[in-house]
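Results of the structural survey
So the chains spell out like this:
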Amino acid sequence: MHTFQRLVFVLLLATASSFLTAQSTASGKIIVNADLGKDTISKHIYGHFSEHLGHCIYGGFYVGENNAKIPNIKGVRTDVVDALKALKIPNLRWPGGCFADTYHWKDGIGPKSERPSIVNTWWGGVTEDNSFGTHDFLDMCELLGTEPYLSANVGSGTVKELADWIQYVNHDGTSPMADLRRKNGREKSWGVKYWGIGNEMWGCGGHMTPEFYANIYRQYVTFMTDWTNTGGLFRVASGAGGNNYNWTEVLMRDIPLRMLDAVALHHYSVIDWNAKGSATEYSEGQYFTIMKKALEMEELVQRHTTIMDKYDPKKRVALFVDEWGGWYNVEPGTNPGFLYQQNTMRDAMIAATTLNIFNNHCDRVKMANLAQTINVLQAVILTDEEKMLLTPTYHVMKMYNVHQDALLLPVDVQNCNYTFENQSLPALSASASRDNSGVTHISVANIDSKETKSVTVELRGIAVGTVEAEILRSAKLQDHNTFDQPDAIKPARFNGFKRNGNSIEMELPPFSVVVLAVKR
Ligand code: AHR
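Residues numbered from 1 in each chain as written. Predicted model: local features only at pLDDT ≥ 70, side-chain atom pairs only at ≥ 80, totals over all residues. Heavy atoms only, no water.

**Some thoughts on the pattern of salt bridges**
Between side chains of opposite charge, pairing is possible as soon as their charged atoms come close. Taken as a whole and judged by the stated rule, the model has 32 salt bridges. Here Asp-309 ties to Arg-364 by a salt bridge, and the two come within 2.6 Å at their closest N and O atoms. With Asp-309 in helix H8 (residues 284-311) and Arg-364 in the loop between helix H9 (345-360) and strand S13 (365-371), this pair connects stretches of sequence that are 55 residues apart. Of the residues examined, Asp-309 reaches a relative accessible area of 28% and is grouped as partly exposed. Overlapping salt bridges bring together Asp-309, Asp-312, Lys-315, Asp-363 and Arg-364 as one network. (Salt bridge = Lys/Arg side-chain N within 4 Å of Asp/Glu carboxyl O. Helix = DSSP H or I, 4+ residues; strand = E, 2+ residues; numbered from the N terminus. Buried < 20%, exposed > 50% of the residue type's maximum accessible area, 1.4 Å probe, protein only.)

Right under this line is the structure:
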């Protein structure tokens, strides 16, 4: 063949094969065991995290009581309140993160004009005026209808400081702290149940060994009085970062079970801590790596659980994944210490797969907190002065909130692959539950960046009646909502399925999430 002809032939072949790749589909099957449910998916798996970091609190939640430009209730943005109520956020962790182990709660009570300032040494070195403190946060939780989860300062605080904080927020009788609360304008206690004893004590919380922290933990909880209005305080030990299994092992070994209600775990999906990459401009290889990191959550939960099972076979102690999400470079031109990043369909994939993992492990995972709610890391809300937008992650969490407090229905997934170069990941992720009204919800994500997947969902143990579905998808993986186009990505009704007896057959587009609602 002439060289030119050969070239044309090769080009034609290449074009044909890329066309075939784009068009081809693979198939998978999801069996929903609708008659085998025994565990409840705690609504707290759908929890959030709000740290004094960048514009999460200041400018995100809180814009100040005297802000005439942005509608607010006692300084808290009403657009944010409405959006988070629609999301049904079950709990909110505050004030950190690393910030928590620098925070002295007494600086944030009393007349705002008299509060001392604090320099946020972890996040951008900015000076804060402490205008958002304990009353502001707990009143805001009431406004949101969400449960507060307070992180106590162990790193630079004292046992007395924590004991006083609990008395201040939880005691209804006569006591120094309850009286001080009343003097500051709040008669009734808030009844805070969830308490974190420090944060990342292996790192920013004090660089402790697990043995040392286990002792410190025992000391702190000894002086945590339950003022009888919470049904028992829920004490959370600061947990491992990722695969530090020794941390969990030592805590479970050295802390008596009666002193421990939950052990935490943090896991971020990061390409490389020294080269995190852009939040919006990324290659398929970077997407693949992030999804690999996100899917590691399965192994982390399994292996930390195995250790916990050894010491606590009855599963009295919960695993709280109280920080998770994607972490990229900050948006160009923003303060590197503020961790402000955009949120694309990649983040929707992280959220969809991670929440499925948590649902499927709800016998041990009883709480999880996405990092962080507004303007920080994998946020569900971004704000810019009076503008606000909901991210793809928000939409996934809203589509999935049907699982809150529903009965987990175990699924068996016969998966198909998402292949990139010479590596593969499971393309499909799924979980299912039945709510109080008898509706079965099945959430399925196809993380493949190129291929549509044909998926058969077979329901065993119930007769399928009517089926409705919602989908989150977009043309490009890097697509995201902007302040000019805040609704570019939002859920839509999904009709790409058909009933076949007790099965539902659907075509799942690349990087899409579908939630099916099946009535009997
Ligand atoms: O979420 C940001 C930071 O990540 C938190 O402050 C810390 O706990 C973690 O390292």
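**Concerning the site of the ligand**
Near the ligand you find 14 residues, and of these Glu-51, Cys-98, Glu-200, Tyr-268 and Glu-323 are the closest. Measuring from an oxygen atom of the ligand, one finds a side-chain N or O atom of Glu-200 at 2.8 Å. A total of 280 Å² of accessible area belongs to the ligand in isolation, and the protein chains cover 93% of it. Placement of the ligand is best described as lying within the largest pocket. For the shell around the ligand, the class distribution of residues is seven nonpolar, four polar and three charged. (Near = heavy atom within 4 Å. Polar contact = N/O pair within 3.5 Å; in protein donor to acceptor, adjacent residues only side chain to side chain. Areas by Shrake-Rupley, 256 points an atom, 1.4 Å probe, with all protein chains shown as cover. 1 Å grid on protein atoms, 1.4 Å probe; cavity = no way out; pocket = protein on both sides within 12 Å on 5 of 7 lines; lining within 4 Å. Sits in = over half its atoms within 2 Å of the grid points. Nonpolar A, V, L, I, M, F, W, Y, C, P; charged D, E, K, R; others polar.)

**Remarks on the domain arrangement of the chain**
Assigned domains of the chain: these are domain 1 (26-37 + 409-518) and domain 2 (43-405). Between domain 1 and domain 2, the C-alpha centre-to-centre distance is 29 Å. Taken together, the contact pairs 42 residues of domain 1 with 37 residues of domain 2. When the two sides are added together, the surface that domain 1 and domain 2 hide from each other amounts to roughly 3200 Å², 69% of it contributed by carbon and sulfur. In this assembly, domain 1 and domain 2 are joined by one salt bridge. Among the salt bridges present, the one from Glu-284 reaches Lys-450, with a minimum N-O distance of 2.9 Å. Between the two partners, domain 1 and domain 2, sit 19 residue pairs in polar contact (both at pLDDT 80 or more). Considering each element in turn, the side of domain 1 that touches domain 2 owes the most residues, five residues, to strand S20 (residues 428-434). (Domains from an automatic or database assignment. Contact = heavy atoms within 4.5 Å. Buried area = accessible area lost by both parts, 1.4 Å probe.)

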